[in-house]
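# Close look at the chain arrangement
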Amino acid sequence: SRHCKARGNIGPETRSLPPGSLAGLGGFLGHFDMLYDDERNRLYMEALKLAAADLRAERAPAKLSALDLGSGCGLLGLSAWKTGAFDSIVLLEAARGNIR
């Protein structure tokens, strides 16, 4: 979607998106830096894997679920899915402008 563009495509048109859209947060564009921060996202993946392993050790053989509340572009929910460590993952987003 246009809300999850590559860093190189962010320009003045992104700043003019309507309020309520992910990029319409009063000119705040810091989330784009977070989305494309490979080291930060790698560390989130590692943390998700470690948390899942700890929970499985405590609650085996219970199924493991993840909830990405306020998911925006879905980065964390998709990261949880990519780890393969969860049996189910739910992403919830209330801002209609972020859902396409």
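One can find the structure itself at the top, above this paragraph.
Note that the structure is predicted; figures quoted are calculated from it, not measured. (Residues numbered from 1 in each chain as written. Predicted model: local features only at pLDDT ≥ 70, side-chain atom pairs only at ≥ 80, totals over all residues. Heavy atoms only, no water.)

### Quick notes on the pattern of salt bridges
Under the criterion given, the structure shown has three salt bridges. Between Glu39 and Arg42 there is a salt bridge; the shortest N-O distance is 2.7 Å. Highlighted residues: Glu39 and Arg42, both in helix α3 (residues 38-59), separated by three residues, approximately one helical turn. For Glu39, a relative accessible area of 43% translates into the label partly exposed. (Salt bridge = Lys/Arg side-chain N within 4 Å of Asp/Glu carboxyl O. Helix = DSSP H or I, 4+ residues; strand = E, 2+ residues; numbered from the N terminus. Buried < 20%, exposed > 50% of the residue type's maximum accessible area, 1.4 Å probe, protein only.)

### A word on the pairing of strand β1 (residues 65-69)
Burial of the side chains of β1 is restricted to one face: Ala66 and Asp68 are buried, whereas none of Ser65, Leu67 and Leu69 on the reverse face is. Relative to strand β2 (residues 88-92), β1 runs parallel, the two being bridged by five bridges. Within β2, the position partnered with Leu69 by the bridge is Leu92. At this point the chain moves from β1, through helix α4 (residues 75-83), to the parallel β2, and the crossover so formed is right-handed. (Pairing = 2+ DSSP bridges. Right-handed = clockwise from strand over helix to strand, strands pointing away.)

### Let's talk about α4
Of the positions making up α4, those classed as buried are Gly77, Ser79, Ala80 and Thr83. Axial view of α4: buried residues confined to an arc of 160°, hence all on one face. Pointing more than 90 degrees away from the buried face of α4 are the exposed residues Trp81 and Lys82. Structurally, α4 contributes buried residues whose contacts are with α3, β1 and β2. Backbone geometry just downstream of α4 places Gly84 in the positive-phi region, at approximately 75°. (Arc of directions from axis to C-beta. Contact = heavy atoms within 4.5 Å.)

### A word on the packing of α3 against α4
Think of two packed helices as two axes; the pair is described by the angle between the axes and how far apart they sit. In the contact formed by α3 and α4, the axes pass within 9 Å of each other and the chain directions differ by 55°. Considered as vectors, α3 and α4 are oriented oblique to each other. Crossing angle aside, the handedness with which α3 passes α4 is right-handed. On the side of α3, the interface is formed by Arg40, Asn41, Tyr44, Met45, Leu48 and Lys49, while α4 contributes Leu75, Leu76, Ser79, Ala80, Lys82 and Thr83. Taken together, the residues of the contact of α3 with α4 sort by class into six nonpolar, three polar and three charged. (Axes fitted to C-alpha atoms, helices over the stretch in contact; angles between N-to-C directions. Parallel < 35°, antiparallel > 145°, perpendicular 65-115°, else oblique. Left-handed = near helix turned anticlockwise from the far one by under 90°. Nonpolar A, V, L, I, M, F, W, Y, C, P; charged D, E, K, R; others polar.)

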